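Single-letter residue listing:
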Amino acid sequence: MSRLIGLGLLLAGLLYPFAVYFGMEHFAPWQFGLLLGGLWLARALLGERRPGSVWMAVVAIVFCLLLALFDSPLLLRWYPVLMSGFMLALFGLSLKFGQPIIERLARLREPHLPDKAIVYTRQVTIAWSVFFLCNGLLAAALTLWAPLSWWMLYTGLISYGLMGLLFAIEWLIRQRVRGHP
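Residues numbered from 1 in each chain as written. Predicted model: local features only at pLDDT ≥ 70, side-chain atom pairs only at ≥ 80, totals over all residues. Heavy atoms only, no water.

A. Focus on the domain arrangement of the protein. Split by domain assignment, the protein resolves into domain 1 (1-70) and domain 2 (72-180). One C-alpha centre belongs to domain 1, the other to domain 2; they are set 20 Å apart. Counting from both sides, the interface comprises 21 residues of domain 1 and, opposite them, 20 residues of domain 2. In total, domain 1 and domain 2 occlude about 2000 Å² of area from one another, counting both sides; carbon and sulfur atoms represent 85% of this. When the buried surface of domain 1 facing domain 2 is broken down by residue, Pro17, Tyr21 and Phe63 rank first, second and third, together holding 27% of it. In this assembly, domain 1 and domain 2 are joined by four residue pairs in polar contact (both at pLDDT 80 or more). Those elements that provide at least two residues to the side of domain 1 that touches domain 2 are helix H1 (2-23), helix H2 (29-46) and helix H3 (53-70). Counting residues per element, the side of domain 1 that touches domain 2 draws most heavily on H3, at eight residues. The residue inventory of the side of domain 1 that touches domain 2, partitioned by class, reads 20 nonpolar, one polar and no charged. (Domains from an automatic or database assignment. Contact = heavy atoms within 4.5 Å. Buried area = accessible area lost by both parts, 1.4 Å probe. Polar contact = N/O pair within 3.5 Å; in protein donor to acceptor, adjacent residues only side chain to side chain. Helix = DSSP H or I, 4+ residues; strand = E, 2+ residues; numbered from the N terminus. Nonpolar A, V, L, I, M, F, W, Y, C, P; charged D, E, K, R; others polar.)

So this is what it looks like as structure tokens:
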């Protein structure tokens, strides 16, 4: 059940800009808030307890409650900013407390990382933190000053393309660092 809820939140996050753009004619903002809030509540109650999962769920539920309460179309557009903020917090705080998140992921494949790899994973975590900061700022700027179509284009397509590009660039750099041509 936990995985199903996680999948639901992932799909809701990916499709959210399109749902807002195309669904505003058929659904009120409070309905988006209740649906999204229900998914976050289910995650909080039934999901795995991971570092940060509870506070993220609480913040998201409060956002969804505000969305439902104020029924504001403008408030709908802040959700991608919130998600970028969550990712920035997750990556950024991992640099200060415990192992950087990319190091944790790397250790799943290779438990005994050499010192060079530990330094590299820290740098990659910093790069992702900068990405999420810039992504969140750009999404906020589009929320405040751009037409809905621009917001949807960036938050629904371009930002994911940029993430894919960052993944690809990092993979290429990692191959060079590891000594693979």
